[in-house]
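Residue-level structural notes
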Amino acid sequence: MNKLVISGSPHIHDHDSVSKIMYTVVLAMIPAMLASFWFFGFDSLRVMLVAVISALLMEWATQKFLLKGPLTINDGSAVVSGILLAFNLPAGIPSWMVVAGAFVMIGVAKMTFGGLGKNPFNPALVGRVFMLISFPVEMTKWPVPRPLFATRLADAITGPTALGLFKEGVDAGQSAQTMLHASQMPTEIARFFGEMGGSLGEVSAIAILLGGAYMVYKKVIDWQLPLSILLTAFLFSGLFYLINPAVYAPPMFHLLTGGLILGAVFMATDMVTSPMTIKGKVVFGVGIGLLTVTIRLWGSYPEGISFAILIMNAFTPLINKAFKPKRFGSDVLKTAKI
Amino acid sequence: MMKLATFRIGGVHPPENKLSANEPIIRLPLPKQLVIPLSQNLGAAPKPVVKKGDEVKKGQLIARGEAFISANLHAPASGKIAKIDDAVDSSGYRRMAIFLDVTDDEWMEGIDSTDELIHQNLPSSEVIRERIKEAGIVGMGGAAFPTHVKMMIPEEKKAEVLLINGVECEPYLTSDHRLMLEKTQEIILGIRILMKAIDVKRALIGVENNKPDAINRLQQFCNADNGIEVHALKVKYPQGGEKQLIKALLGREVPSGKLPIEVGCVVSNVGTAFAVYEAVQKNRPLIERVVTVTGKKLTKPSNFLVRIGTPMSALIEAAGGMPVDTGKIVNGGPMMGKALPTTDIPITKGSSGVLLVDQSESRRSTPNTCIRCARCVTVCPMGLEPYLLARISKLSLVERAEKERIMDCIECGSCQYTCPSALPLLDYIRLGKQRTASYLRNRK
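Predicted model only: the values in this text are computed from it and were never measured.

Criteria and cut-off values
Residues numbered from 1 in each chain as written. Chains lettered and ligands numbered in written order. Predicted model: local features only at pLDDT ≥ 70, side-chain atom pairs only at ≥ 80, totals over all residues. Buried ≥ 20, exposed ≤ 12 C-beta atoms within 10 Å, placed from the backbone. Helix = DSSP H or I, 4+ residues; strand = E, 2+ residues; numbered from the N terminus. Pairing = 2+ DSSP bridges. Axes fitted to C-alpha atoms, helices over the stretch in contact; angles between N-to-C directions. Contact = placed C-beta atoms within 7 Å. Nonpolar A, V, L, I, M, F, W, Y, C, P; charged D, E, K, R; others polar. Domains from an automatic or database assignment. Parallel < 35°, antiparallel > 145°, perpendicular 65-115°, else oblique.

Here the focus is helix α3 (residues 175-182) of chain B. Judged by how many residues are buried, α3 of chain B sits mostly within the fold: six of eight residues are covered. Buried within α3 of chain B we find Ser175, Asp176, His177, Arg178, Leu179 and Met180 of chain B.

Next up, the structure:
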């Protein structure tokens with residue numbers, strides 16, 4: 001007879017694993033990847049490929065030569081980080097900058113803390129912010145989207161993002177209404193489907209929401225977190241729109257431009273850097289929503305979701321301490337049926 | 001359809017795998033020798049009242065529970081005491097046991113050996129409690145807490161309702177299910193007896209909705225006159241946990257560290273109710289129980305009526321023999337059962353099943369790192385943070401563990417079942433509970 005295994009209960013497992021979760025996220029990103037390919041062509045593929053390959057390489061090299069521990073590049077987390085970094089970059093960015101960003105993302109933001117599960121800040125956002133500060137010109141040059149089969153224009157046409165355009169105009173003394181109807185401003189429909197200037201993964205709201213729905217269905221993320229971000233941003237920006245529509249953009253404009261939806265669905269929901277309980281996640285989400293709108297309305301950057309998420313990441317351990325799950329037995333005093 | 005009741009926080013739904021649900025209970029033939037461990041109940045082991053060479057009759061007292069929390073033991077068959085010696089029991093340790101060489105199967109005098117149902121003449125509550133104690137009845141759901149102790153309601157407390165656990169939320173196990181189908185009237189009578197013993201007018205039976213036949217069958221004997229109701233519950237593990245069942249049936253939460261009587265409940269298993277009927281109306285002590293023998297590779301997953309002290313190997317043999325690639329033998333269900341080192345282990349009062357796990361499923365996967373996905377927090381039915389408790393336990397921070405309510409953990413295993421990193425969360429938490437318990441004892 002075989003040797004019997006002795007181990008503590010439970011003796012069964014639901015067979016889910018870290019890599020299954022990671023590849024579920026990759027699957028969820030496919031609609032947004034397709035959208036970015038549709039609007040930005042082969043440049044988007046180049047950026048994504050470079051980001052993923054350099055992320056994997058950096059993780060492998062750190063584990064092999066520095067940590068000298070087990071190699072875990074198969075777990076899929078570096079692939080997810082790589083794609084997310086690419087999602088936050090403009091299509092025209094030079095490849096070597098992507099490599100530098102990926103190295104900071106994996107090397108500094110992830111492996112320094114001990115690798116997967118131990119990093120306090122979202123690695124892809126650390127990589128992105130590093131690039132934004134280091135390469136401010138290239139990071140804000142947005143190729144104009146050209147749907148794949150549309151007539152080709154000359155190469156290297158760039159334009160501002162909707163948020164950037166709006167902010168520039170209003171800062172220069174134009175009224176909000178004029179800016180919203182400026183000729184370069186994408187229409188509502190274009191904003192929803194993604195035909196506008198912006199980072200690879202952020203332009204198409206519908207593609208991101210599809211991926212988000214898939215992740216909620218697969219129980220990889222909780223819907224409460226993205227919803228609390230979007231709702232807060234909607235209400236907070238809506239409040240100022242009501243107060244002074246001549247200066248502030250309407251809330252739907254804020255929702256559908258920039259990286260708000262991408263950040264809410266794919267970046268803030270990163271398991272490692274977000275709180276553990278639903279209550280905590282909602283607090284975290286409300287914080288992100290408020291900070292994003294604050295930066296957008298009064299900061300010097302047109303976009304604020306990356307900073308907002310990173311700032312709230314720093315609060316995650318505190319939120320975890322303050323918002324514990326409801327312990328069984330705390331409902332005792334409620335009158336119950338009998 | 002009405003929304004089915006269940007407990008509020010946490011829970012998982014593992015594949016049910018109730019392979020033996022349609023197998024009627026079969027009486028297993030008596031083996032030549034029975035090995036009866038003394039310690040079969042929670043609390044102190046009873047003291048032997050027989051010695052080597054004594055002739056005993058089936059049903060005769062062989063060990064008396066003298067401590068406050070203890071339970072009597074009776075001879076499961078007639079025969080001669082071969083020796084009183086140590087033997088490996090389901091705990092995995094060598095402990096004292098009575099070895100009985102079986103000669104025949106004749107009940108001792110004064111015991112009703114017929115199958116006739118005795119409806120009439122429920123004795124007074126004092127007599128009921130005395131007979132339950134005499135018969136050595138313990139909770140048949142697994143914890144094996146002596147039933148007569150549970151029936152003693154503290155002076156200042158009042159029982160309002162009796163809850164009967166027919167949930168059987170562990171995957172694979174079907175012994176309670178079959179008992180509810182085949183001994184329905186006996187169970188109902190047992191419930192009436194228990195109601196009388198603790199002086200309540202109402203009893204609720206909780207059964208998960210994956211056993212509609214059992215629910216229907218019980219329903220036939222429940223009415224306003226006897227005050228017994230059957231409630232179908234949503235299938236969710238660990239609904240059979242005492243606190244979860246109370247929450248599901250009554251919406252009440254037992255406070256941390258307290259017993260069900262705190263919220264006016266006494267909870268008993270359907271198997272216990274059956275044993276109580278047998279003890280009170282038939283004068284039969286607890287000497288046998290229904291045991292599910294199951295496993296995906298087993299030829300005939302079955303439900304056997306087994307005499308206490310029968311080796312598990314005899315059950316496995318009767319169910320078609322041990323499959324060649326068995327990698328693990330579990331006493332109980334897959335979520336809370338114990339892995340055993342051998343099959344030469346006797347069935348005791350608390351054994352509800354023997355599960356043979358295939359080699360491919362026996363080993364855990366290699367643990368990964370915690371990715372803080374919070375699934376353990378989501379599924380914990382006690383509202384705890386298993387990832388945190390495991391870490392605190394690893395560091396032996398007993399005071400912190402107490403504050404994070406580690407002692408509330410019911411060891412259901414939902415956290416470890418669902419952990420995508422395959423972390424041995426419950427292993428650490430068990431260790432932490434032991435350390436915290438000894439710290440709390442020393443502090444007093």
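Residue and element names in this part refer to chain B. Taken in spatial order, the six strands make up an open sheet running β1-β14-β13-β17-β15-β16, and their pairing is mixed. Of all the strands in the sheet, the pair left with one neighbour each is β1 (25-27) and β16 (338-340). Neighbouring strand axes in the sheet, compared pairwise and without regard to direction, differ in orientation by 30 degrees on average. Where β1 lies against strand β14 (residues 302-307), three bridges are found, and the strand directions are parallel. Bridge pairing in β14 links isoleucine 26 to phenylalanine 304. Relative to strand β13 (residues 288-294), α3 is tilted by about 125 degrees, and along the sheet it contacts β1, β13, β14 and β17 (353-358).

Attention shifts here to the interface of chain A and chain B. Contacts between the two partners involve 33 residues from chain A and, on the opposite side, 56 residues from chain B. The residue inventory of the side of chain A that touches chain B, partitioned by class, reads 16 nonpolar, 11 polar and six charged.

As a further point, take the domain arrangement of chain A. All names here are of chain A. By domain assignment, chain A separates into domain 1 (18-139) and domain 2 (159-322). Each partner contributes to the interface: domain 1 provides 31 residues, whereas domain 2 provides 28 residues. Of all the secondary-structure elements, those providing two or more residues to the side of domain 1 that touches domain 2 are α1 (18-40), α2 (42-67), α3 (77-87) and α5 (123-134).

Here we take up the packing of helix α4 (residues 184-198) of chain B against helix α7 (residues 270-282) of chain B. All names here are of chain B. In the contact formed by α4 and α7, the axes pass within 7 Å of each other and the chain directions differ by 80 degrees. What the angle tells us is that α4 and α7 run roughly perpendicular. Facing Glu186, Ile187, Leu189, Gly190, Ile191, Ile193 and Leu194 of α4, the residues of α7 in contact are Val270, Ala273, Phe274, Val276, Tyr277, Val280 and Gln281. Taken together, the residues of the contact of α4 with α7 sort by class into 11 nonpolar, two polar and one charged.

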